[in-house]
Amino acid sequence: MKVKNHLDALFKPCSVALIGASGAPGKLGYDILYNLIHAGFQGPIYPINPKADELQGLKAYPEIEATPAPADLAVIVIPSRMVVGALERCGRSGVRAAVIITGGFAEAGPEGETLQEELAATAARHGIRVVGPNCQGINYPHHQLCASWPLLTNKGGMAFISQSGTVGAALMDWASEENLGVSVFVSLGNRADVDEADCIRYFDKDPHTRVIAVYMEGVKRPQSFLDSLAKAEKPVVILKSGRTARGKVAAESHTKSLAGSDEIYNAIFNKHRVHRADNLEELYDYAKALAYMKKPKGRRLLNISSSGGAAILAIDEAEKLGFENPAPGKALKEKLRSFLPPHCGVSNPIDLTGDAITDPSLYSRVIEAAKKDFDTSVVIFGDPIKGAADIVTGEGELIVFCGGAEVEREESRRMHAKGIPVFPTPERGIRALHRLVCFDPPRKSKKGDKATAGHDAPGPLPTETAAALLEKYGLPFAATRMAATAAEAVALAKDMGGAVALKVSSPDATHKTDVGGVKLNVSGGVAIRKAFEEIVTNVRAAMPEARIDGVTVSPMAAPGGLETIVGAIRDPQYGHALMFGLGGIFTEIYRDVRFCLLPATDRELLAAIRGIAGYPLLAGARGQQPRDEKALVALMRSLARMVQDHKGIDQIDLNPVLVYEQGALAVDFRIYGSI
């Protein structure tokens, strides 16, 4: 019976051929054949080796054309120079999918890159779906298929998709050791064909998969990747490497794909509710929690522990992430006092002390008593508690087991066999629990991602051009005029009436204040002339090579506005994103900004505003009046229309944007790129 589609031929083949099968232990051709056999694969396995009649008890075939029937899947482990020819013969023989383990392709330099292009063209011509080359293969325990190594057969609900074979294998090892297992492991390698987007789409429909965990270095098909995230119904966890400048270079070298801007990936993951892991442990922990825990009704936690120190670590981490750890109410305290030893604490945490070692039932009695009062019981086994697996239920509980030695390992395996995840430290457990509620409506005090934008454009648009563009799209900004001389500045100020702000006009002076290029609240001809001359002198002293076009003259804005920054950047892969944060001269010091990928809804714009750490200042902290969020959203919406209409804009900085109780006003602006 043939499989339904070509990705089924990869993951659920009815028959497998191993091209490069070997009878010599220690060679990949031997190990993979062994794993195919001992994983319990139910269909025919065809070892392909022209020099053997039989391998590991199976009849061997000299070439792919000689098999009794066309194989659904070919696993290829032969030298790179022979792979394209082998794939051509697979296509002529009716093979529908291939896993190419062999390296020596795009990762190996220009010649390998050319070879990989030939490989991809051959596969496309014959309609063969390919995983690899330069990969560690596929292990799908639910189909008893292990076209990979090592041989791990534990079945579970976590799908691990990895651009690195070693990283993916480490996750497999952890899941197997903990008796949780996986739904699938796919090592993508160079991604000549099948990539992370294909796998996210496929395993989102897989009945055995509860969560999709991805390690990735870069993306080759940005739109397909975005589409797969947008349509995913199951939780997706991603560990994206190449976040630093040097890491990005290493990632591009490793995968031959753009690593991309890290802040753009933050915006993508926020938009599509992807759970971003910062390291390998988090990738595994988050996948565990999302696969095996139910979402709590709220954020009220009760910490129950035999170790006071471990409970304090849990509370510290929980408070940072916005959980609440209130003391039990009077009625619950009285109930706990009725059966707990007098020296056990009954606040939060409930400290069972060493008594829990001799009487583990204390845990179960506290858990049962507190269920109605708290959303989650953080159950911390801080000692070798025998029978711990019989105490927990997996309902409304976060389980942490640390300090139990062999008892801990045995009880944790028993809990995992029951589908109850266990975490080795309080912090890891709390961070994993947070994944279940992290996309709930944002709290006003929630900390957002911290970043700031930079630019690579050679210089900003002329002030008059930028001002005309802002005016066209209805963005509120302070009237700004150019003065090439002190006399022109005096004349412009007289026309405006009242005090003015003078700022250096120079494509080289990005931070005007730092070089003495700003004079505020200046009035009168003499003062304006003096201010003009001081600005020019200051900037020339600080930046001798800078081009100075003169100064801009603007009326002073009304006092009382909160300084924010609103901006836009263009990413080479994903297009424009908006930025919002606290503004003024300290923007790059605090780096309190949030990015939002376009196109964006008003709800997403508001989430970006409320996502910064300084949001309480906008909301009305310390008795102040709230600022006009609607005006900010309207300004950001207009800015979004501008950059979507003008794809050549690289970056926009509106800094500061003064936000009042009613209205908002950009008092300085720069636009880089072309219109």
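Counting from 1, residues in each chain are numbered in the order their sequence is written. Note on the predicted model: pLDDT of at least 70 is required for a residue's local features to be given, and 80 or more for side-chain atom pairs to be given and counted; whole-chain, interface and lining totals, by contrast, use all residues. As a rule here, side-chain values cover all heavy atoms of the structure and leave hydrogens and water aside.

### Considering the pattern of salt bridges
Whenever a carboxyl oxygen of Asp or Glu lies within 4 Å of a side-chain nitrogen of Lys or Arg, that contact is scored as a salt bridge. Going through the model one piece at a time under the given rule, you end up with 32 salt bridges. Here Arg 428 and Asp 285 are joined by a salt bridge, their closest N and O atoms 2.6 Å apart. In this pair, Arg 428 is assigned in helix 17 (residues 426–434) and Asp 285 in helix 10 (residues 280–292), connecting sequence segments 143 residues apart. By the burial criterion, Arg 428 is buried, and Asp 285 matches it. Within the structure, one salt-bridge network assembled from shared partners comprises Arg 129, Asp 193, Asp 195, Asp 198, Arg 201 and Arg 221. Strands here are runs of E lasting at least two residues and helices are runs of H or I lasting at least four, both read from the DSSP assignment and numbered beginning at the N terminus. Remark: exposure states derive from per-residue accessible area (1.4 Å probe, protein chains only) relative to the maximum for the residue type, with buried under 20%, exposed over 50%, and partly exposed in between.

### Topic: the pairing of strand 13 (residues 236–240)
Most of strand 13 is tucked away, with five of its five residues classed as buried. Of the two faces of strand 13, the one carrying Val 236, Ile 238 and Lys 240 and the one carrying Val 237 and Leu 239 are both buried. By this definition, two strands are paired if DSSP reports at least two bridges between them. Looking at chain direction, strand 12 (residues 211–216) and strand 13 are connected through five bridges and run parallel. Pairing of Tyr 215 across the sheet is with Leu 239, part of strand 13. Looking down the strands as they point away from the viewer, one classifies a crossover as right-handed if the path from the first strand across the helix to the second runs clockwise. Running through helix 7 (residues 222–231), the crossover from strand 12 to the neighbouring parallel element strand 13 is right-handed. Across three bridges, the pairing between strand 13 and strand 14 (residues 275–277) is parallel. The partner of Val 237 across the bridge, within strand 14, is His 275.

### Describing the sheet that holds strand 11 (residues 182–187)
Pairing in this open sheet of seven strands is mixed, and the strands run 9-8-11-10-12-13-14 from one edge to the other. The sheet is open, and its two borders are formed by strand 9 (145–148) and strand 14, each paired with just one other strand. For this sheet the average axis-to-axis angle between neighbouring strands, irrespective of direction, equals 20°. Every axis in this analysis is a line fitted to C-alpha atoms, fitted for helices over the stretch in contact. Angles between the N-to-C directions lie between 0 and 180 degrees.

### Things to note about the sheet that holds strand 23 (residues 518–522)
Here we have four strands laid out as an open sheet, ordered 21-24-22-23, and antiparallel in their pairing. Each of the sheet's edge strands pairs with one partner strand only, and the pair in question is strand 21 (481–483) and strand 23. Ignoring strand direction, the axes of neighbouring strands in this sheet form an average angle of 25°. Across three bridges, the pairing between strand 21 and strand 24 (residues 550–555) is antiparallel. Residue Arg 481 lies in a different strand from strand 24, and its bridge partner there is Val 553.

### A closer look at helix 4 (residues 110–126)
Because an α-helix completes one turn every 3.6 residues, residues spaced three or four positions apart along the sequence face the same direction. The length a helix should cover is 1.5 Å for every residue beyond the first. For helix 4, spanning 17 residues, the distance from its first C-alpha to its last is 25 Å, which sits close to the expected 24 Å at 1.5 Å a residue. Every residue pair with non-hydrogen atoms within 4.5 Å of one another is taken to be in contact. For helix 4, the secondary structure elements touched by its buried residues are helix 3 (80–93), strand 6 (97–100) and strand 7 (129–131). Where helix 4 ends, the next residue or the one after it, Gly 127, has phi of about 70°, a positive value.

### Describing unusual backbone geometry
Most peptide bonds are trans, and most residues other than glycine sit at a negative phi. Following Leu 598, the chain continues into Pro 599 via a peptide bond in cis, with omega recorded as 0°. Tracing the backbone shows Pro 599 in the loop between strand 27 (593–597) and helix 22 (602–610). Positioned with a positive phi, Arg 191 is a non-glycine residue whose angle comes to about 55°. Within the secondary structure, Arg 191 sits in the loop between strand 11 and helix 6 (196–204). Positioned with a positive phi, Arg 273 is a non-glycine residue whose angle comes to about 55°.

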